[in-house]
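# What the coordinates show
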Amino acid sequence: MRYSAPDKSPVALYTPLPDAEPRNGGKGAPAEALVWQDVVVAARRRWWLVLGVPAVLLVGTAIMVVREPPIYRATAVLRLGDARRAMTSGLEVAVEPARLMDPLLSQTQMLKSRALLGAVVDSLGIRLAPDYGDVRAALIDSVFVAPDAAADTLSLGFSATGVTVRGAADSTAAAYGQTLELRGGGAGGTVRFRVTARPKAANTTWIVRSRDEAIDHVLTHLRVAPRTQTNVVDVTYTAYRPALAEQVVNLIGRTFQVMDARSAQDQSRRRRVFLDEQLQRTDSILTQAQLALSAFRSRQQVYSSRDKLATQQSEIAGLAARRWELQAQRDAYQALLNKLTSPSPAEHEQALRALVSAPGVATNPLLAQLQTQLLKYQISLDSLTSGAWGSSATNPDVQRLRNLIGSTEDQITRAMRSQLASLDAQIGAVQTQASRSAWAIRGLPAVEAQEVRLVQDVETARRLGDQLGEERQRAHMAEAVEVGQVEIVDVASRPYQPVPSYGALKLALALMLGLGLGGGAAVALEKLDPSIHHPDEIEDGLQLHSLAVIPKVDPARIEGTEAYRVLRTNLLLAPEGDHARTVVVTSAVPGEGKTTTAANLAASLAWEGRRVLLVDGDLWRGRLHGVFHGRKSPGFAESLLQDDPIPQAIRTTDIARLSFMPNGKGVGAPSDVVTRARVPALLARLRDQFDVVVIDTPPVLAAAEAVVLASSADGVVLVVRAGQTDREAVQQAMRQITGVGARLVGAVLNDPADVTRRYGHKYYYGSYYRSYAREDSTR
């Protein structure tokens, strides 16, 4: 046989570190330390995953950052004050600001209305969406998309001479710097733009969005931010073209200013029309009263009232004027109530708008508050249902707002009816007072009383006409004012620097995310890995004593490494191994390194001075004869079939005090040769000749002979391959071994791939203290 003296390369020594503490028992490290330890272990074992995921994310993020075109931001400053109130002071009846829920919030929400943004989209051609990755934004200008243009996909080709464009219904071509115009089919409108120079790309595809998509696009890039404790609002828009960003934000400001002034003018116009109607009615009443008085005087030859009736006349005239004023308000409220309760939606909407300018609304806090509340709910509903991401009608928030709007309109209706009842009561009270005044002058001559009544009618109609005329004049003047509540403080200038892209921050976030994902994946794979990796899993998970950790060795050589000295010492010091004369070395499945472990363990015991016999008990695939370069037969199989061991089956080796017995050639199946009736007798005779008998058996789960040999031996050593042996397989092998009454001394962790070191646990690989050749020479 061939025996090689051990070299002095580093080998494994399974020894607890000096500061190591038990993993359980109440004195171990805290749970947090174990969690972080598991993460570090998983990262060290699957370093390629921990580093690969961040690398992929970094490369993807870097490509995105490099290819991302620059974005420009333009900002305009608006003041949502009440410049109109300063110009129409005393001309309009306005609701007090304290009664509004949040007037600034209402105005800022109007800046995001789809009607306003639709006008901006129609004016600036935002419906055209170029691919700025292929064509730089600076090369595109003069964009126009007609409001009636259909959504389309445009294919553009760039040659040395010019640009060609093909759409769904039209195609065209032009030189660089000239305007390209496409006309949609049917009722489709025109799309115009200009490419000033040849881009790097040979072709590209652009999109003509629908109008609603373009409005949603503007909403995505628009930001309206009120400044704290002020009525100043910053309106910001971002775009790939600096000119477009400037144009959009300035056009939004101007359009909103015009729409606000127009809305205020419409309100004043509706109030003026209402007053015109009331004034015509009052003029008609005055004319009739004057005609009646003139006719009475002509018939009765009465031309003036007596002085004694002056006081009564003045009082009655005042009461009559008050009655006419209250009656006019009641008629106005009744007309609005009829429209509000009308089944026609148009009349219903017109009544809600006219309610603002109705007489008496400003003095009715309940109606003013309900109107403001209704406006807030309608703005919230429009904001919730508008846009590409708008909520559907079945959304609970949409239904809740619709219910609130309906409830508020019902409250307005009840409030108006209550106001009508109040006006009726006031009219009744005025009439009662007038009746009392009339009763006071009833004693006057009938002619004088009739004249007084007619004069009172004339004075009342004249006074009411004068009052309505003044109100109409103020409404007319307010209608002529062309300003609203929006003032443009700062016009946006064209941005010359792009918005910071924060490329370094994106790369840092990608790195952090990649490390997190990679680490998480490594930990997840580690938790899903069923194999055994370190001695702690043997002791804590399997409740089995760990005898040693064996590093990578040459299976064709017997090397007296320090790891096998540790195995020998721990085996002899183990409670189950102190009197073990026959030791079985086995494994759960093939390929665990049990044969190499058995040979080196036997050599270590022989070097200690014991007479050792190494038996190859694997009748299926025994290979110890190859290690010692001897014949396969006769051997263990032949000895089992004899009453005594065959002398030729026991052979000496180059290692002093070490003999070995090959597996031999059996007759029939190995399970028929290795039986409980033959094995104990043979092992008893071998104990008489040797101090220790080490038996290499087939894997427990592969052959039945393993448990037969284990049941006849003094102890069993189970070999486990780090990073390969399944925990369930080891547990099943342990159940089979203990099930036949065999004694498990412990397990050996075979670690040829250096798994334990990569796991970083509290075990380390030492080196030679001295070579076994020197040790053997001194014995």
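Per-chain numbering applies: the sequence of each chain, read as written, is numbered from 1 onward. Reporting of local features is limited, given that this is a predicted model, to residues whose pLDDT is at least 70; pairs of side-chain atoms are given and counted only at 80 or more, and all residues count toward the totals for whole chains, interfaces and linings. The basis for the side-chain values is all heavy atoms of the structure; hydrogens and waters are excluded.

### Focus on the overall build of the protein
In DSSP terms, a helix is any run of H or I states spanning at least four residues, a strand is any run of E spanning at least two, and both are numbered starting from the N terminus. When you go through the protein residue by residue, the secondary structure sums to 24 helices and 22 strands. Taken across its 779 residues, the protein has 45% of its residues classed as buried. The criterion used for residue contact is that any of the two residues' heavy atoms lie within 4.5 Å. Taking as baseline every contact in the protein between residues at least 6 positions apart, the subset at least 24 positions apart corresponds to 78%. Roughly 38200 Å² of accessible area belongs to the protein as shown, and the carbon and sulfur atoms make up 53% of that amount. Relative accessibility decides the category of a residue: with a 1.4 Å probe and only protein chains considered, values under 20% of the type maximum give buried, values over 50% give exposed, and everything between is partly exposed. The accessible surface values rely on the Shrake-Rupley method and a 1.4 Å probe; as for residues, cover is taken only from the protein chains in view.

### Focus: the packing of helix α2 (residues 47-67) against helix α13 (residues 503-528)
An axis is simply a line fitted to the C-alpha atoms; with a helix, the fit covers only the stretch in contact. Between two such axes, the angle follows the N-to-C directions and lies from 0 to 180 degrees. Packing of α2 against α13 brings their axes to within 7 Å, and their N-to-C directions diverge by 155 degrees. Between α2 and α13, the angle is such that the two are roughly antiparallel. The element α2 and its partner α13 pack so that their crossing is right-handed. For this scheme, ten residues count as nonpolar: Ala, Val, Leu, Ile, Met, Phe, Trp, Tyr, Cys and Pro. Four count as charged, namely Asp, Glu, Lys and Arg, and the remainder, Gly too, count as polar. When the residues that make up the contact of α2 with α13 are grouped by side-chain class, the tally is 18 nonpolar, five polar and one charged. Note that the term roughly parallel is reserved for angles under 35 degrees, roughly antiparallel for angles over 145, roughly perpendicular for angles of 65 to 115, and oblique for everything else. By convention the crossing between two helices is left-handed if the near helix lies anticlockwise of the far one by an angle smaller than a right angle, and right-handed if it lies clockwise.

### Topic: helix α22 (residues 727-739)
Helix length check: α22 (13 residues) gives 18 Å between terminal C-alpha atoms against 18 Å at 1.5 Å per residue, within 8%. Residues of α22 that are buried include every one of A729, V730, A733, M734 and I737, and no others. Along the long axis of α22, the arc covered by the buried residues comes to 135 degrees, so they all point the same way. Counted as exposed and oriented over 90 degrees from the buried face of α22: E728, R735 and G739. Multiplying one less than the number of residues by 1.5 Å gives the expected span of a helix. Directions pointing from the helix axis toward each C-beta atom define the arc.

### A short note on the side chain of E246
By secondary structure assignment, the location of E246 is in helix α7 (residues 242-300). Residue classification places E246 among the buried positions, given a relative accessible area of 19%. In this view, E246 contacts A74, A492, S493, R494 and P495; residues no more than four positions away in its chain are not counted.

### Regarding the sheet that holds strand β16 (residues 612-616)
Here, strands pair whenever DSSP counts at least two bridges between them. Pairing in this open sheet of eight strands is mixed, and the strands run β14-β21-β20-β15-β19-β16-β18-β17 from one edge to the other. The open sheet has two edge strands with one neighbour each: β14 (546-550) and β17 (651-652). Packed on one face of the sheet, helix α16 (residues 594-607) meets β15 (582-587), β16, β18 (658-661), β19 (692-696), β20 (715-721) and β21 (744-750) and runs near 170 degrees to β19. On top of the sheet, α22 reaches β15, β20 and β21; it is set at about 170 degrees to β20, its chief contact.

### Digging into the pattern of salt bridges
Close approach of charged atoms allows side chains of opposite charge to pair. Salt bridge, as used here: a side-chain nitrogen of Lys or Arg that lies within 4 Å of a carboxyl oxygen of Asp or Glu. This structure, assessed with the given rule, holds 24 salt bridges. The residue E608 makes a salt bridge to R610 at a minimum N-O spacing of 2.9 Å. Residue classification places E608 among the partly exposed residues on the basis of a relative accessible area of 28%. Residues joined in a network through salt bridges with shared partners are R114, D212 and D216.

### A short note on the nonpolar core
It is characteristic of soluble globular proteins that their nonpolar side chains tend to be buried jointly. L613, V615, F636, M661, V674 and L686 are the most contacted members of the largest nonpolar core, which has 46 residues in total. Looking at this core, the elements that each hand over two or more residues are β16, α18 (636-641), α20 (679-689), β19, α21 (705-712), β20, α22 and β21. Contacts of V615, omitting those with residues within four sequence positions, involve L624, F636, M661, L686, V693, V694, I695 and D696. Side-chain atoms within 4.5 Å link the members of a nonpolar core, which is a set of buried Ala, Val, Leu, Ile, Met, Phe, Trp, Tyr and Cys residues. In this structure, I550, W607, L614 and V694 belong to the second largest nonpolar core, which totals 34 residues.

### Comments concerning the pairing of β18
On a regular strand, each side chain points to the face opposite its neighbour's, so the side chains alternate between the two faces of the sheet. Neither face of β18 is open: one carries L658 and F660, the other S659 and M661, and all of them are buried. Alignment of β16 against β18, held across four bridges, turns out to be parallel. Bridging from a neighbouring strand, L613 pairs with S659 of β18. Relative to β18, β17 runs antiparallel, the two sharing two bridges.

### What to know about the packing of α20 against α21
Helices that pack against each other are described as a pair by the angle of their axes relative to one another and the distance between those axes. At a minimum axis distance of 9 Å, the contact between α20 and α21 shows a crossing angle of 50 degrees. Here α21 runs oblique to α20, going by the angle between their axes. Handedness of the α20/α21 crossing: right-handed. Along its contact with α20, which presents V679, P680, L683 and R687, the element α21 presents V708, L709 and S712. Broken down by class, the residue content of the contact of α20 with α21 amounts to five nonpolar, one polar and one charged.

### Notes on the sheet that holds strand β5 (residues 152-158)
One open sheet holds the five strands; their spatial order is β3-β10-β5-β6-β7, and the pairing between them is antiparallel. Two strands close off the open sheet at either side, each with one partner strand: β3 (128-129) and β7 (171-175). Of the strand pairs in this sheet, β5 and strand β10 (residues 203-208) are connected by six bridges, and their pairing is antiparallel. Bridge assignment links S155 to a residue of β10, and that residue is T205.

### Looking at the confidence of the model for the protein
Looking at the protein as a whole, its pLDDT mean stands at 77, while 80% of the residues score no less than 70. Counting contacts from residues 1-34, a segment whose pLDDT is below 50, to residues more than four positions away or on other chains yields 79 contacts. Contacts for the low-pLDDT stretch residues 760-779, under 50 throughout, to residues beyond four places or in other chains number 66 contacts. Scored from 0 to 100, pLDDT reflects the predictor's confidence in each residue.

### Notes on the packing of aromatic side chains
How two aromatic rings sit relative to each other is given by the distance of their centres and the angle of their planes. Whether two aromatic rings pair depends on their centres lying within 6.5 Å, for rings of Phe, Tyr and Trp, where Trp uses its six-membered ring; planes under 30 degrees apart make the pair stacked, over 60 edge-to-face, and the rest tilted. Taken as a whole and assessed by the stated rule, the structure comprises three aromatic pairs. Relative to Y240, the ring of Y132 has its centre 4.8 Å away and its plane inclined at 45 degrees; by these criteria the two rings are tilted. With Y132 in the loop between β3 and β4 (140-145) and Y240 in the loop between β12 (232-239) and α7, the pair connects residues that are 108 residues apart, well separated along the chain. Using a relative accessible area of 13% as the deciding quantity, one classes Y132 as buried. Taking 4.7 Å as the distance between ring centres and 20 degrees as the angle between the ring planes, the aromatic pair formed by F628 and F660 counts as stacked. Of the two residues, F628 sits in the loop between α17 (624-627) and α18 while F660 sits in strand β18, which places them 32 residues apart along the sequence. Residue classification places F660 among the buried positions, given a relative accessible area of 2%. Each ring is checked for a lysine NZ or an arginine CZ that lies within 6 Å of its centre and within 35 degrees of its normal; such an atom marks a charge sitting over the ring. Sitting over the ring of W324, R323 keeps its end group 5.2 Å from the ring centre.

### With respect to the side chain of R651
Looking at the element boundaries, R651 is found in strand β17. Salt bridges are absent for the buried R651, whose nearest opposite-charge side chain, E638, sits at 7.5 Å. A distance of 3.2 Å separates a polar atom in the side chain of R651 from the backbone oxygen of S633. Side-chain atoms alone can form a polar contact between residues adjacent in sequence; in general such a contact is a pair of N or O atoms within 3.5 Å, and within protein one must be able to donate a hydrogen while the other accepts it. Here the side chain of R651 touches P634 through a polar contact of 3.0 Å, landing on its backbone oxygen. In this structure, R651 is in contact with G630, R631, K632, S633, P634, S659, F660 and P662, ignoring residues within four places of it in sequence. Lys and Arg are tallied as positive, Asp and Glu as negative. Neither His nor the chain termini are counted.

### Regarding a nonpolar patch on the surface
Nonpolar side chains (Val, Leu, Ile, Met, Phe, Trp, Tyr) are joined into patches within 5 Å and like charges within 9 Å, using only residues with over 30% relative accessible area and no salt bridge. On the surface, a cluster of nonpolar side chains totalling about 600 Å² of accessible area is made up of W47, W48, L51, L525 and L528. Broken down by element, the residue count for the nonpolar patch peaks at three residues, all from α2. By the secondary structure assignment, W48 is in helix α2.

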